[in-house]
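Fold and geometry: a report
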Amino acid sequence: MLYQLYESQRTLMEPFVDFAQAAAKLYSGSLSPIGKTPLAQRVSAGYSLMYRLGKGYEKPSFDIHTVDVDGIALAIQERIEIDKPFCELRRFKRFSDDPATLARLKNQPAVLVVAPLSGHYATLLRDTVKTMLKDHKVYITDWKNARNVPLSDGSFNLDDYVNYVQEFIRHLQSKYGNCHVISVCQPTVPVFAAISLMASRGETTPLSMIMMGGPIDARQSATAVNTLATTKPYEWFEKNVIFSVPGNFAGKGRRVYPGFLQHTGFVAMNPDRHASSHYDYFKNLIKGDDASTDAHRKFYDEYNAVLDMDADYYLDTIKTVFQEFKLVKGTWEVMSVEGKPERVMPSDIKTTAVMTVEGELDDISGSGQTRAALEMCSGVPESHKKHLEAMGAGHYGIFSGRRWRDIVYPAVKAFILEENKSLMPAETAPVAVKKTAPVAKAPKAPKATPVVAEAALPKVPAPEAKPAAAKRAAKPVLVAVKQAKAPPAAPAAPVAITEKVTQEVVTPPVAAVTADLAATPEIKAAPLPPEQSAA
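Bear in mind that the values here come from a model prediction, so they are computed numbers and not experimental data. (Residues numbered from 1 in each chain as written. Predicted model: local features only at pLDDT ≥ 70, side-chain atom pairs only at ≥ 80, totals over all residues. Heavy atoms only, no water.)

**So, the side chain of Arg52**
Tracing the sequence through the fold places Arg52 in helix α2 (residues 40-54). On the accessibility criterion, Arg52 (9% relative accessible area) is buried. Setting aside anything within four residues of it in sequence, one finds Arg52 in contact with Tyr57, Tyr281, His296, Arg297, Tyr300 and Asp301. (Helix = DSSP H or I, 4+ residues; strand = E, 2+ residues; numbered from the N terminus. Buried < 20%, exposed > 50% of the residue type's maximum accessible area, 1.4 Å probe, protein only. Contact = heavy atoms within 4.5 Å.)

Given below as structure tokens:
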């Protein structure tokens, strides 16, 4: 009933909201006679504030069209690679026509960013994605508003969340061999479970997982969020915060935890701060401070846009994470897609490096809650564990804003790069290949076999040389090639290549660049097909 009342109130308010918007423009217009009257700027500011407080906020777009990398602008194209009933796996594909930049992009790590499903849209991580695009192939989970999902698509619970994450990880592994996973806030728990289950089954697990500001062990440093969940029984949440979607939405009849209730809870945690922010917006409108007012609008356009969560998922999270602490107690069983219950055992994780990030001033996930994951990963060597506490950062500061860009991201980038190198031998082993200088063209000389390499070899035209001189000038070149899953091995013995390549080189599952070793003195670079101009 509450949901229907809320929608009725919004419908009744719409004419007044539209009037406030029109009045604000009328009193601020430079060509309007009313705009030249005394106090017109104050009246306009008042109406503008009324409009923003009363308007509805729809899902924003990521709005990432270009990213600057070392002075070169990369075009960004969003594409949906997997479309599930409750989530889309969204990729941000980078395009460049600069060969050197393209070669560098193609060998960068692939990262799955698991966005929170806790009331806000995945666009809350816009700054996270935009920053990471400079050095990584980036994918993100874009969760759908449950009120727009028809009942025919079934329900969605915490087990489904875990299974979604595993499917997305396998998708990236099928394209790139492996990947890294970053989870922010709420998804740290289901992501931890997903990777633990993959390890227990003997599947290939991600190279690293970075968990940021999440309630891995919600018993530590309890915050207002934890206190509410522990002081109210499970039945209280089921009776007081779960409502059915009204008939004017595609998901009519679905039981959900409404986004407007979650938004009310967010604001109630810091009411003074929000009131002060809106008053500052009013004063900045009067002063004509466009930069400050634009920043205010940008923040609250994102902050006020909320989504509904399926009731089963929300209630499962309350019970599993905040009331029974099943993850840390080792009692959590997840139902697989085959309908088989599986126990979550973080100690089974062996080959995935673990990094935890916490904010010094985080008032949502308290100190030590995320760091608890390091102790639970007893099978991971200590050299592949790391913890970072971002000084002066609140909850949002660890994944957005200046502290994210200056403190957190450099550490995350270095960790991913290090683990990408140190754990890659489990998937690929280097093979030494001796490559001789091109031999001068001679009658009836056979063509050399092309070699497909993982990293682009620089194509430098070689001068005419005699065969004997060419052999003396030969130097070994290391080319990484993919092998079947095997423990790290020492590099194989060098294989000499003179005029004809006799060893088959297998291409790893990443974007490859063909190095054409021609037997003629004239070497021409073949044009790249359109798809190879993206990474």
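**Description of helix α9 (residues 259-269)**
Of the residues making up α9, those classed as buried are Gly259, Phe260, Gln262, His263 and Phe266. With its buried residues spanning 155° around the axis, α9 presents them on a single face. For α9, the elements touching its buried residues are α1 (2-28), β9 (255-257), α10 (271-287), α11 (290-303) and β10 (309-310). (Arc of directions from axis to C-beta.)

**A word on a nonpolar patch on the surface**
Together, Met1, Leu2 and Leu5 make up a nonpolar patch on the protein surface, roughly 320 Å² of accessible area in all. With relative accessibility at 68%, the residue Met1 sits in the exposed group. (Patch = residues over 30% accessible without salt bridge, like charges linked within 9 Å, V, L, I, M, F, W, Y side chains within 5 Å. Areas by Shrake-Rupley, 256 points an atom, 1.4 Å probe, with all protein chains shown as cover. Salt bridge = Lys/Arg side-chain N within 4 Å of Asp/Glu carboxyl O.)

**Here we look at the environment of Gly330**
Tracing the chain through its elements places Gly330 in the loop between α13 (326-329) and β11 (333-335). Between the alpha carbons of Gly330 and Arg343 there is a distance of 7.8 Å; along the sequence they are 13 residues apart.

**Some details on the pattern of salt bridges**
Per the stated rule, a full pass over the model turns up 23 salt bridges. The closest approach of N and O atoms between Lys144 and Asp83, which form a salt bridge, is 2.8 Å. In this pair, Lys144 sits in the loop between β5 (137-143) and α5 (158-176) while Asp83 sits in strand β2 (residues 72-83), placing the two residues 61 residues apart along the sequence. A relative accessible area of 52% places Asp83 in the exposed class. Each of the salt bridges in this network shares a partner with another, and the network as a whole consists of Lys59, Glu78, Glu88, Arg90 and Asp142.

**What about the sheet that holds strand β8 (residues 243-244)?**
Strand order in this open sheet of 3 strands is β8-β9-β10, and the pairing throughout is antiparallel. Lying at the two open borders of the sheet, with one neighbouring strand each, are β8 and β10. With 2 bridges connecting them, β9 and β10 associate as antiparallel partners. By the bridge assignment, Tyr257 is partnered in β10 with Met309. (Pairing = 2+ DSSP bridges.)

**A look at the nonpolar core**
One finds Phe192 and Met212 to be the most contacted residues of the largest nonpolar core, which totals 106 residues. Each residue touching Phe192, except ones within four places of it in the same chain, is listed here: Met209, Met211, Ile216, Leu327, Pro346, Ile349, Ala373, Met376 and Cys377. Phe243, Val245, Val256 and Phe260 belong to the second-largest nonpolar core, a separate cluster that totals 7 residues. (Core = buried A, V, L, I, M, F, W, Y, C linked by side-chain atoms within 4.5 Å.)

**Details of the environment of Leu117**
Here Leu117 is to be found in the loop between β4 (110-114) and α4 (126-132). For the pair formed by Leu117 and Tyr314, sequence separation is 197 residues and the distance between their alpha carbons is 9.3 Å. When neighbours within four sequence positions are excluded, Leu117 is seen to be in contact with Trp143, Phe156, Tyr161, Gln186, Leu307, Met309 and Tyr313.

**Quick look at the packing of aromatic side chains**
The tally for this structure, following the rule as stated, stands at 26 aromatic pairs. Each member of the aromatic cluster is reached from another via a ring pair, and the members are Phe86, Trp143, Phe156, Tyr161, Tyr164, Phe168 and Tyr313. Between the NZ or CZ atom of Lys55 and the centre of the ring of Tyr57, over which it lies, the distance is 4.0 Å. Over the ring of Phe325 we find Arg219; its NZ or CZ atom is 5.9 Å from the centre of that ring. (Phe/Tyr/Trp six-rings, centres within 6.5 Å; stacked < 30°, edge-to-face > 60°. Lys NZ or Arg CZ within 6 Å of the ring centre and 35° of its normal.)

**Comments concerning unusual backbone geometry**
For Asp70, which is not glycine, the phi dihedral falls at a positive 55°. Phi is positive for Cys185, which is not a glycine, with a value near 70°.

**Focus: the sheet that holds strand β6 (residues 180-184)**
Ordered by their spatial adjacency, 9 strands build an open sheet running β1-β2-β3-β5-β4-β6-β7-β13-β14, and the pairing between neighbours is mixed. A strand with exactly one partner marks an edge of an open sheet, and here the two such strands are β1 (66-69) and β14 (385-390). Taking each pair of neighbouring strands and ignoring which way they run, the sheet shows an average axis angle of 25°. The pairing of β1 with β2 spans 4 bridges and is classified as antiparallel. Across the sheet, Thr66 pairs through a bridge with Ala75, a residue of β2. The strands touched by helix α3 (residues 99-106) within the sheet are β1, β2, β3 (87-95) and β5, with β2 carrying the most contacts at an inclination of about 40°. Lying over the sheet, α5 contacts β2, β3, β4, β5 and β6, oriented at roughly 165° with respect to β4. (Axes fitted to C-alpha atoms, helices over the stretch in contact; angles between N-to-C directions.)

**Side note on the packing of α5 against helix α6 (residues 188-200)**
Interaxial distance between α5 and α6 falls to 9 Å at its minimum, and their mutual angle equals 60°. Both α5 and α6 take part in a crossing whose hand is right-handed. For the pair α5 and α6, contact is made by Leu158, Tyr161, Val162, Val165, Gln166, Ile169, Arg170 and Gln173 and by Pro190, Val191, Ala193, Ala194, Ile195, Leu197 and Met198, respectively. Residues that form the contact of α5 with α6 fall into these classes: 12 nonpolar, 2 polar and 1 charged. (Left-handed = near helix turned anticlockwise from the far one by under 90°. Nonpolar A, V, L, I, M, F, W, Y, C, P; charged D, E, K, R; others polar.)

**Observations concerning the confidence of the model for the protein**
Taken over all residues, the pLDDT of the protein has a mean of 83, while the share at 70 or more is 79%. Overall, residues 423-532 carries pLDDT values under 50, and its contacts beyond four positions in sequence, including any with other chains, amount to 127 contacts. (pLDDT = per-residue confidence, 0-100.)

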